[in-house]
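Results of the structural survey
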Amino acid sequence: MDFPVTFQLFGNTVLTHPLFEASGMFMGMRYYFYLKRKSTEKLTFNTSAAVLIGATAGALIGSKLIGNLENPYKLFEHFDLKSIWSNNTIVGGLAFGLMGVELAKKIVKHKESTGDLIVFPLMLAIIIGRIGCFLTGVYEETYGLPTDSIFGMHLGDQYLRHPVALYEIVFLISLWVILKIKKSTKEYPSGYIFQLFMLSYFTFRFFLDFIKPRVGIIGSLGTIQLLCICVIIYYIFKIRKTKTVNSP
């Protein structure tokens, strides 16, 4: 396979990443609305709209903010609006999307968790998006460091690199199976599946970023890893509180 994998659109060569990213969001949303129709937990229109707006606004702001702060030195030395708009990360989108949802719920005074229903659509969207990341190789900053391990792959340059996008896909499929099994037990409080997903994903991303190019902000830790630590701590306490409140 030659990297990057591209396709022709109106006579122009286009990377596959944006196509898979858009397809992932579309398929994730379709899956979410399918699950929502089947769900017995019905939200009012105002609550649903507020949650959707909060999640979208928070995710957009967070993905751009954290994406650009991955290399703050480059951001301030070479300020470029086009580059700023193109930089994004799912980690920032998830973390700030959560903040947007919580703020929206406070505004409409909705206290129940709304996260469980979005978990599997969200995982589907990320998996499809990561296929695009893998097919782009080293032509966008979604690749791994050089490695001598048996997992090393040529992704478009002279080095064997960690195929971190494939690692993430394997992790998400495994987590999907685990959470589906947990969900089938029916022995969990509302919001618990979402909390497990967030804790698991951010823990995975914290360790994954050690084998990805990064700019050290505090020691060898990059911006994404520092955000991961904050989210991990938050959800450790959140899960503990959830278990305590729902314990007999």
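Look above for the structure.
A brief look at the structure comes next. (Residues numbered from 1 in each chain as written. Predicted model: local features only at pLDDT ≥ 70, side-chain atom pairs only at ≥ 80, totals over all residues. Heavy atoms only, no water.)

Some details on the environment of F26
By the element assignment, F26 lies in helix α1 (residues 16-38). F26 sits in the exposed class, given a relative accessible area of 52%. For F26 and R205, which are 179 residues apart along the polypeptide, the C-alpha to C-alpha distance reads 24 Å. (Helix = DSSP H or I, 4+ residues; strand = E, 2+ residues; numbered from the N terminus. Buried < 20%, exposed > 50% of the residue type's maximum accessible area, 1.4 Å probe, protein only.)

Overview of the pattern of salt bridges
Oppositely charged side chains can form a pair if their charged atoms are brought close together. Summed over the entire model, instances satisfying the criterion amount to 4 salt bridges. A salt bridge links E102 to K105, with the nearest nitrogen and oxygen atoms 3.6 Å apart. Placement of the pair is E102 and K105 together in helix α5 (residues 90-107), with a separation of 3 residues, close to one helical turn. Looking at E102, the relative accessible area reads 27%, which means it is partly exposed. By relative accessible area, K105 is classed as buried at 6%. A salt bridge links R161 to D157; its shortest N-O distance comes to 2.8 Å. We classify D157 as partly exposed; its relative accessible area is 22%. (Salt bridge = Lys/Arg side-chain N within 4 Å of Asp/Glu carboxyl O.)

Describing the pairing of strand β2 (residues 12-15)
Pairing geometry for strand β1 (residues 6-9) and β2, over 4 bridges, is antiparallel. Looking at β2, one finds that F7 is bridged to V14. Here β1 hands over to β2 after 2 residues, with F10 in that stretch at a positive phi of 55°. (Pairing = 2+ DSSP bridges.)

Observations concerning empty space enclosed by the protein
Any empty space left between the atoms is revealed when a probe the size of a water molecule rolls over them. For the structure on display, the rule yields 2 cavities of 30 Å³ or more. Forming the boundary of the largest cavity are C133, F134, G137, T142, Y143, G144, L155, H162, P163, V164 and A165. Of all the elements in the fold, those that place two or more residues in the lining of the largest cavity are α6 (119-136) and α7 (164-184). Of the residues contributing to the lining of the largest cavity, the split by class is 7 nonpolar, 4 polar and no charged. (1 Å grid on protein atoms, 1.4 Å probe; cavity = no way out; pocket = protein on both sides within 12 Å on 5 of 7 lines; lining within 4 Å. Points joined across faces, edges and corners; volume = space filled by probe spheres on them. Nonpolar A, V, L, I, M, F, W, Y, C, P; charged D, E, K, R; others polar.)

Observations regarding the side chain of E168
Note that E168 resides in helix α7. With relative accessibility at 2%, the residue E168 sits in the buried group. Contacts of E168, omitting those with residues within four sequence positions, involve I126, R130, Y201, F204, R205 and L208. (Contact = heavy atoms within 4.5 Å.)

Points about the packing of aromatic side chains
For the structure shown, the criterion picks out 13 aromatic pairs. Aromatic side chains Y31 and W176 sit 6.2 Å apart centroid to centroid with 5° between the ring planes, which places their arrangement in the stacked category. With a gap of 145 residues between them, Y31 in helix α1 and W176 in helix α7 connect regions that are remote in the sequence. The class for Y31 is buried, based on a relative accessible area of 19%. The interplanar angle of 80° and the centroid separation of 5.1 Å between the aromatic rings of F206 and F207 together place this pair among those described as edge-to-face. Classification of F207 by relative accessible area gives exposed; the value is 52%. Of the aromatic side chains, those joined through ring pairs into one cluster are Y31, Y34, F120 and W176. (Phe/Tyr/Trp six-rings, centres within 6.5 Å; stacked < 30°, edge-to-face > 60°.)

All quantities given are derived from atomic positions and should not be read as evidence of function.
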